[in-house]
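Chain by chain, the residues run as shown.
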Amino acid sequence: MWRTALSAAAAALAHEYAVWDTQHGSQKPDCPRCGRRMARLRRAPRQIVTRAGIVHVTRQVYHCRQCNCTHAPLDAALELDDTQYSKPARQWCVRMGAALPFGEGQELLRELTAVHADASVIEAFCNRAGQRLEDAVSTAIDQPPTIPLHTPEHLCVSVDGAQAPIRDKQRPWQEVRVGVLFTTTPGPDGPQLDQREHLAFLGPMEAFAPRLWERAASWGAAAARTITFIGDGAAANWHLADLLFSGARQILDFYHACEHLRAIRDLIFKPDDPDATAWLDHQCRQLKNGRWCAVMTAIAAHKPRRGCVKKLRTELAYFRNNRHRMHYLHFRRLGLYIGSGIVESACKQVVTRRIKVSGARWKPIPCQHMLHLRCAYLSNPSLLREAA
C-alpha cells in the first residue's frame with residue numbers, strides 16, 4: 001500500500017515540476033559559465049529519481065553559443081548536477097553509504113524506499129560528498145579562524161588511533177588519527193557528555209595537527225577558559241597537546257595506567273601467586289584515589305623476578321614521566337573524565353564499524369572520503385546532507 005501512495009506522490013511531483021518549468025523555465029536564463037543570455041534549444045525529456053520514485057518530465061533546455069554548453073533551469077533548481085538523482089535522493093544514498101557497506105545500503109534502500117541505487121552509484125555519491133567535505137576542510141585550514149558564536153568555558157580534546165586496511169602492498173595497514181572535541185555538564189554520577197564532534201584523518205600526525213586545530217578553533221579553543229587533553233601514553237599524543245594546546249590540563253587515561261600496573265604485577269609476582277590479583281586491585285584503587293606515592297612505595301617493596309629488572313625500570317619511568325597526568329582524585333573532584341573511552345568509542349564507531357568491515361580494502365583517497373562522511377554521520381548529520 002505504501003508503494004501505491006509513493007506512486008501517487010511521484011505523479012504529483014511530475015505535475016509540480018511541469019508547472020514550475022512552464023512558469024520559470026520559459027524565461028531565457030543567463031549562462032552559468034559566461035553570464036550571457038542563452039538561446040532556447042528544445043524541450044527534452046528527463047528521468048529523475050526522487051524519494052517518491054522515478055519521475056518523468058519534459059523541460060526546457062537552453063544553449064549558449066559562446067560556451068557551447070546547455071542548461072536546463074529545472075535541473076538546476078533540483079540540483080541534479082550530471083546525475084538523474086534529486087538532491088534528497090542523493091542524501092539518502094550518502095547517508096546509507098556512511099552507515100553501511102555499499103551493498104547492504106543498496107538492498108536496504110530497495111527494501112524500505114522507492115529509491116533504487118546500485119552499490120556503485122551509492123559509492124560514487126559518497127566519494128563526491130566526501131571530496132566536498134575534504135575541500136571544505138582544506139579551505140578552512142588555509143583561512144583565518146572564524147570567531148565562534150559561543151565559546152565553552154571548558155573544552156575537552158581526546159586523540160587516539162586505529163588501523164585501516166589499505167590497498168598498499170608495502171603498507172597494508174595504515175593508521176587513522178581520530179580526535180573528539182567535546183564538552184560536559186555536571187551529573188549526579190560524574191560528568192555527562194554534552195556536545196561532541198568527531199574528526200579522522202588517514203595520515204601522519206603532522207598533517208592531522210592543523211585539522212584538529214581548525215576544528216578546535218571553531219569551538220573557541222583560543223578563548224576557552226580551560227582545555228583538558230585526554231590521551232593514552234603515546235608520546236605523539238602529548239607532543240600534539242603541547243603543540244596545539246599549550247598550558248592545557250593533560251590527563252593520562254586511567255585504564256591505560258592500570259594496564260601498566262598489570263604489567264608491573266607480572267614482573268614482580270609469579271603467575272600462580274595468590275596475592276597478585278589482590279595487590280593489583282589495591283594499587284589501582286590507590287592510584288584512582290590520588291595516592292601515587294603509595295603505589296610507587298608498594299612497587300619498591302617487591303623485588304623483580306629474574307630477568308625482569310630492565311622491563312620494570314621502563315614501567316617505573318612511565319609512571320614518573322606521567323605523574324603530572326595521574327592526579328585522578330583531583331581530576332574527579334573537578335568533574336573531569338579520567339578515561340579516554342569517548343575517543344576509543346569514536347575509533348570503533350568511525351573506523352572499526354565502517355572502514356574495517358569484512359573484506360574491505362580501501363584506496364587512500366576514498367578511505368579519507370568515508371572517514372569524513374562517517375564523522376559527519378555520527379556528530380553532524382546536517383553537514384552530511386549539505387555535502388550530498
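A few points on the structure. Here, residues in each chain are numbered from 1, in the same order as that chain's written sequence. Local features in this predicted model are restricted to residues of pLDDT 70 or higher, and side-chain atom pairs are both shown and tallied only at a pLDDT of 80 or more, whereas totals for entire chains, interfaces and linings draw on every residue. The side-chain figures draw on all heavy atoms in the structure; neither hydrogens nor water molecules are used.

**Re the packing of aromatic side chains**
Piece 1. Pairing of aromatic side chains requires ring centres within 6.5 Å, counting the rings of Phe and Tyr and the six-membered ring of Trp. Pairs whose planes differ by under 30 degrees are stacked, by over 60 edge-to-face, and all others tilted. The full count for this structure, using the stated rule, is 11 aromatic pairs.
Piece 2. Relative to F245, the ring of F229 has its centre 6.3 Å away and its plane inclined at 40°; by these criteria the two rings are tilted. Highlighted residues: F229 in strand β7 (residues 226-231) and F245 in the loop between α7 (235-244) and β8 (249-252), separated in sequence by 16 residues. Taken as a pair, F229 and F245 share a single burial class, namely buried.
Piece 3. Measuring from centroid to centroid gives 5.4 Å for F269 and W279, while their planes differ by 55°, and the two rings are tilted. Segments assigned H or I by DSSP are reported as helices when at least four residues long, segments assigned E as strands when at least two residues long, and all are numbered from the N terminus. For each residue, the accessible area found with a 1.4 Å probe, counting protein chains only, is set against the maximum for its type, and the residue is called buried under 20%, exposed over 50%, and partly exposed in between.

**Quick look at the sheet that holds strand β3 (residues 69-71)**
By way of backbone hydrogen bonds, the strands of a sheet pair with one another, either parallel or antiparallel.
Piece 1. Strands pair, by our definition, only if DSSP identifies at least two bridges between them. Strands sit in the order β1-β2-β3 across an open sheet of three strands; the sheet is antiparallel. A single partner strand is all that each edge strand has here, and the edge strands are β1 (39-50) and β3. Each neighbouring strand pair of the sheet contributes to a mean axis angle of 35°, computed without reference to strand direction.
Piece 2. In this structure, strand β2 (residues 53-64) lies alongside β3, joined through three bridges in antiparallel fashion. Bridging from a neighbouring strand, Y62 pairs with H71 of β3.
Piece 3. Note on contacts: a residue pair is in contact if any heavy atoms of the two residues lie within 4.5 Å. Fitting a line to C-alpha atoms yields each axis, with helices limited to the stretch in contact; the angle taken between N-to-C directions then spans 0 to 180 degrees. Where helix α1 (residues 2-24) meets the sheet, it contacts β1 and β2, and its direction lies at approximately 15° from that of β2.

**What to know about the layout of surface pockets**
Piece 1. The calculated volume of the largest pocket comes to roughly 840 Å³.
Piece 2. Put plainly, a pocket is an open set of points on a 1 Å grid over the protein atoms alone with protein on both sides within 12 Å along at least five of seven lines, a cavity is a set where a 1.4 Å probe fits but cannot get out, and a lining residue has an atom within 4 Å of a point. E197, R215, S218, W219 and N380 are, among the 32 residues lining the largest pocket, the residues nearest its centre.
Piece 3. Contributing elements (two or more residues each) for the lining of the largest pocket: α5 (119-142), β6 (192-202), α6 (205-218), α14 (364-379) and α15 (381-387).
Piece 4. The leading source of residues in the lining of the largest pocket is β6, at seven residues.
Piece 5. Any residue that is not Ala, Val, Leu, Ile, Met, Phe, Trp, Tyr, Cys, Pro, Asp, Glu, Lys or Arg is counted as polar, Gly included; the first ten are nonpolar and the last four charged. Class assignment of the residues belonging to the lining of the largest pocket gives a composition of 17 nonpolar, nine polar and six charged.
Piece 6. Estimates place the volume of the second largest pocket at around 180 Å³.
Piece 7. Lining the second largest pocket are 13 residues, and of these F102, E123, R167, R361 and W362 sit closest to its centre.
Piece 8. For the lining of the second largest pocket, a count of residues per class yields six nonpolar, two polar and five charged. Grid points are joined across faces, edges and corners, and a volume is the space filled by probe spheres set on the points.

**Overview of the side chain of D232**
Piece 1. Among the structural elements, D232 can be located in the loop between β7 and α7.
Piece 2. Contacts described as polar in this section are N or O atom pairs within 3.5 Å, which, within protein, must combine one atom able to donate a hydrogen with one able to accept it, while residues neighboring in sequence count only if both atoms come from side chains. Of the polar contacts made by the side chain of D232, one reaches the backbone nitrogen of A234; its length is 3.1 Å.

**So, the pattern of salt bridges**
When the charged atoms of two side chains lie near each other, side chains of opposite charge can form a pair.
Piece 1. What counts as a salt bridge is simple: a side-chain nitrogen of Lys or Arg found within 4 Å of a carboxyl oxygen of Asp or Glu. The tally for this structure, following the rule as stated, stands at 12 salt bridges.
Piece 2. The shortest N-O distance in the salt bridge between E134 and R211 comes to 2.7 Å. Of the two residues, E134 is situated in helix α5 and R211 in helix α6; the sequence distance between them amounts to 77 residues. Taken as a pair, E134 and R211 share a single burial class, namely buried.
Piece 3. In this structure, the salt-bridge partner of R177 is E175, at a minimum N-O distance of 3.5 Å.
Piece 4. Take E175: its relative accessible area is 30%, and that puts it in the partly exposed class.
Piece 5. Within this structure, R46, R59 and D75 form a network of salt bridges that share partners.

**Considerations on the packing of helix α9 (residues 276-288) against helix α10 (residues 292-300)**
Piece 1. At their nearest, the axes of α9 and α10 sit 8 Å apart, and the two run at 155° to each other. Taken together, the axis directions place α9 and α10 in an arrangement best described as roughly antiparallel. Seen along the crossing, α9 lies across α10 with a hand that is left-handed. Only W292, A294, V295, A298 and I299 of α10 make contact with α9, whose side of the interface consists of W279, Q283, Q286 and L287.
Piece 2. In terms of residue class, the contact of α9 with α10 is made up of seven nonpolar, two polar and no charged. Roughly parallel here means an angle under 35 degrees, roughly antiparallel means over 145, roughly perpendicular means 65 to 115, and every remaining angle is called oblique. Handedness of each helix crossing follows the sense of rotation of the near helix against the far helix: counterclockwise by less than a right angle gives left-handed, clockwise gives right-handed.

**A word on the pairing of strand β4 (residues 154-165)**
Look at any regular strand and the pattern is simple: side chains alternate between the two faces of the sheet.
Piece 1. Of all 12 residues in β4, 10 are buried; the element is thus mostly enclosed.
Piece 2. The pairing of β4 with strand β5 (residues 173-185) spans 10 bridges and is antiparallel. Bridge pairing links A164 to Q174 in β5.

**Comments concerning the environment of V180**
Piece 1. Here V180 lies in strand β5.
Piece 2. V180 sits in the buried class, given a relative accessible area of 0%.
Piece 3. Non-local contacts of V180, meaning those with residues more than four positions away in its chain, are made with C156, V157, S158, R196, E197, H198, L199, I342, V343 and A346.

**A word on the sheet that holds β6**
Piece 1. Pairing within the open sheet is mixed, and its five strands lie in the order β6-β5-β4-β7-β8. Looking along the sheet, the strands with just one partner apiece sit at the ends: β6 and β8. Shown here is a sheet whose adjacent strand axes are inclined to one another by a mean of 25°, direction ignored.
Piece 2. α14 rests against β4, β5 and β6 of the sheet, and its axis sits at about 170° to β6.

**Some words on empty space enclosed by the protein**
Piece 1. Evaluation of the coordinates by the stated rule reveals one cavity of 30 Å³ or more.
Piece 2. Lining the largest cavity are F102, E123, C126, N127, W362, P366, H369, M370 and L373.
Piece 3. If you list the elements that add at least two residues to the lining of the largest cavity, you get α5 and α14.
Piece 4. With four residues, α14 is the largest single contributor of residues to the lining of the largest cavity.
Piece 5. Of the residues that constitute the lining of the largest cavity, the class distribution is six nonpolar, two polar and one charged.

The analysis is restricted to geometry; functional conclusions fall outside its scope.
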